[in-house]
Structure formats: C-alpha cells, structure tokens
Amino acid sequence: MVTDLDDADAFRRLDPEDMLRCIRELPQQCRDAWAYSAEFALPPRYRYPKDVVVLGMGGSAIGGSVLSDAVRNCCPVPVLVNRDYTLPAFVDQQTLAIACSYSGDTEETLCAFEDALARQSMVAVISGGGALSKRAVDLGIPLWPIRYVSQPRAALGYFVIPLLSILHKSELIPDPGTDFADAVAEMEALQSKIDASVPTAANPAKQLALKLHGRVPIIYGAEHLTAAARRWKGQLNENAKSWSFFEVIPELNHNSVAGYRGPDWVQDKFIVIGFASDLFSPRNQVRLQVTQEMLAEFGVPCVSLKARGKSILAQILSTIYFGDYVSYYLAMLYGVHPSPVDNITALKKRLRAS
C-alpha cells in the first residue's frame, strides 16, 4: 500500500512491468499508428460497406467502442462492437468485420472471425500475433500488425487509430487528421498536469484517486463519452483491482435514480464520476446537472469531470487518458501490481479445462 502518491520508489516497487510507461505512451502510440496508416491498404471491394462490426473482447474491444462514439456524427452506417462468440443475423457479404485481438488467441473473437468468414464478409484484422494473425496471413486478409509489448488494454492507440484509418479507407468517414492532431495535443498537454512527476497538491488525477480510495466508483457517461465511461470502469477493474461500474445518461435517469433512496451505507461506499462536455446536447447537459444535484441531496459523493478538446475524438481520448492515470494511482494506493490480471487468467484456465 502506498500512502504518498509522490513516492517514486514505491511506484517502481509495485510496478515492475512499468505500466506507468505504457499509460504515458498513449499519445505516442497514436502517432506511431497514424504514421503506419499510410502503408496500410484495403482491397477495392471493402469500400462503402453497409455496416461495420468490430469483433473483440476486453482491452482489445474498447477501441471499437471508441470508434463507434468518435464517428457517431459523421459515419452514415451503423458501427457495432460484437463482444461474443456469434454474430448478429444482419452480418453478411456487405458487412465490414474487423477482428481485434492483441494476443490473436481470444476464443470469442476467433469464433466470431470464422463466422464472418463463413458469411463472406469484408474481413480485416488488427492483432499482435497468435492464431488470428496466422489465419489472416494464410488467407490474404488485410492485417494491421501490433508491434508493441504490453497488456492488451495498454495498447489502446494501436486499436483506435487503425480502426479510424480503416473506416476512412473504406470511404465511410472524412479524413480524421485534424481531429487526430487535436486529440494528441490535448493528451500531451494533459500529461504535463497529471504525470507521476507532478506532485499530488497540483495533480488532479492523484487527487481524484485519493477520493476513490476505499469506495466503489460508478462512472456516468453520455453520448460520445459512453466508451470513455466503459474504459474507466475496465481500467479501474484491471489496473486497480477495484470494483467499478458505468452507466449512461439519459438512460440512467429512467432507472438508476430510483435507487438513490437505497441503504444509508451507500453514502460511505460509493462515489460517482460524471463526465461533462460542452459538445453534449443541451438536454443531456441539463440532465447531468440535475442528476448531480439529486446525488448531493441523497448524500452520495459526486465528482464532475469536464472533457477537454474541441473535437469529439479529442474529448474521448483525453478523458480516457485521465482515467488511465487515475486507475494507476488507485492501484498504488491499494498496493497492487497494476499489470497482471490474475482472476482473468485463472478464469481462462478453468474454461480450458471445461
């Protein structure tokens, strides 16, 4: 357990695989992937699909959720993330199916990939190796290789940027170059404020981690920050080994608010982080404000986090970047190694034996 978030020696002791470096490098990951996009080509038949389905699980799938949110206002076709073994019935020859697996051996993704092949979909692969990459090479399927050593969740830039590039090359979205530049600039500016070298007294990410310590964080997202809320939940689970959940406005206003009258111990155990954005629709901005007022009335702590950046992509990635740092600092407060996910490994082992 770390009691001083400015203790660099404690960080090195608890983080021997250097997850902090991977978190830091998200802007550079995006730059590297953007540079590689000039070399990546798609067959002519992959132009103008009728829908897009991203196949993936966990840290390899979150890029698909970011993609869906990032292109919500400019992509004329549906973009769905398929986190399962099987595909929905609408997937066919006119579907662009992009299989994402850092390891290349995720069983759900491999099954969905084979399903997409059987339906003769336009299939592409983003992977760091394994059976998925081998199948792509053997079949001549477009393969975007990930050459970055980390936990899957720590390679986010190598999923988000390739997915954006593939949609652009499929002529579904405009050139995302301007939004990309805005997103990287915002993350790099944010790093100077929240990196580990910045003392707690001046570091909002460390300060938020202290507020989350000992509580169950519930993340409230909306519109284009829905994937960011999902990402925060996953990073708090995997890095900090902490319970966490996420919900979405306006839907949560039609169910979750009824539970605010729950048992008194909730006030001491839960905390809500609500994402705010000046790009949200006016009604959702009002909903977030009213929801925060109601939380306060019932004594539930709530922190509002304003998204940074002019573009949707910048707001998504900078919000995610902030959350990745928060999850890391919370891991330090709990005294846990942020990289391993022992429970997930144990679950996979038991599944293999079943």
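The structure under discussion appears in the preceding block.
Residues numbered from 1 in each chain as written. Predicted model: local features only at pLDDT ≥ 70, side-chain atom pairs only at ≥ 80, totals over all residues. Heavy atoms only, no water.

(A) Seen up close, the pairing of strand β4 (residues 122–127). Within β4, six of the six residues are buried, leaving the element largely enclosed by the surrounding structure. Residues Met122, Ala124 and Ile126 point to one face of β4 and Val123, Val125 and Ser127 to the other, with burial holding for every one of them. The pairing of strand β3 (residues 95–101) with β4 spans six bridges and is parallel. Each bridged residue has a counterpart across the sheet, and for Leu96 the counterpart in β4 is Met122. Where β4 lies against strand β5 (residues 143–145), three bridges are found, and the strand directions are parallel. Its bridge partner being in β5, Ser127 is matched across the sheet by Pro145. Once the chain exits β4 it traverses helix α6 (residues 130–139) before rejoining the sheet at β5, and the crossover so formed is right-handed. (Buried < 20%, exposed > 50% of the residue type's maximum accessible area, 1.4 Å probe, protein only. Helix = DSSP H or I, 4+ residues; strand = E, 2+ residues; numbered from the N terminus. Pairing = 2+ DSSP bridges. Right-handed = clockwise from strand over helix to strand, strands pointing away.)

(B) Fine view of the pairing of strand β9 (residues 302–306). Of the two faces of β9, the one holding Val303 and Leu305 is buried and the one holding Cys302, Ser304 and Lys306 is not buried anywhere. Across five bridges, the pairing between strand β8 (residues 270–276) and β9 is parallel. Bridging from a neighbouring strand, Phe275 pairs with Leu305 of β9. You can see the chain leave β8, run along helix α12 (residues 282–297) and come back into β9, and the turn it takes is right-handed.

(C) Structural context of the side chain of Thr109. With respect to the secondary-structure elements, Thr109 resides in helix α5 (residues 107–118). Beyond its immediate chain neighbours, meaning those up to four positions away, Thr109 contacts Leu55, Gly56, Met57, Ala99, Cys100, Ser101 and Leu132. (Contact = heavy atoms within 4.5 Å.)

(D) Structural context of the packing of helix α10 (residues 226–238) against helix α13 (residues 312–334). The N-to-C vectors of α10 and α13 enclose an angle of 15°; their axes lie 9 Å apart at closest approach. When the axes of α10 and α13 are compared, the pair comes out roughly parallel. Crossing handedness for the pair α10 and α13: right-handed. Counted together, Ala228, Arg231, Trp232, Gln235 and Leu236 of α10 and Ile316, Thr319, Ile320, Phe322, Gly323, Asp324, Val326, Ser327 and Leu330 of α13 form the full contact between these two elements. Along the lines of polarity and charge, the residues of the contact of α10 with α13 split into eight nonpolar, four polar and two charged. (Axes fitted to C-alpha atoms, helices over the stretch in contact; angles between N-to-C directions. Parallel < 35°, antiparallel > 145°, perpendicular 65-115°, else oblique. Left-handed = near helix turned anticlockwise from the far one by under 90°. Nonpolar A, V, L, I, M, F, W, Y, C, P; charged D, E, K, R; others polar.)

(E) Region of interest: the state of the cysteines. Throughout the structure, instances matching the rule amount to zero disulfides. Of all cysteine sulfurs in the structure, the one in Cys30 sits closest to Cys100, which takes part in no disulfide; the separation is 14 Å. There is no disulfide at Cys111, and the cysteine sulfur nearest it, in Cys100, is 16 Å away. (Disulfide = S-S within 2.5 Å.)

(F) Quick peek at the nonpolar core. In terms of nonpolar packing, the biggest core is built from 103 residues, with Ile98, Ile126, Leu167, Trp232, Phe275, Phe322 and Tyr329 touching the most fellow members. Counting residues per element, this core draws most heavily on α13, at 16 residues. If you look at the next biggest cluster of nonpolar residues, it comprises 14 residues, including Ala97, Val123, Val125 and Ile141. (Core = buried A, V, L, I, M, F, W, Y, C linked by side-chain atoms within 4.5 Å.)

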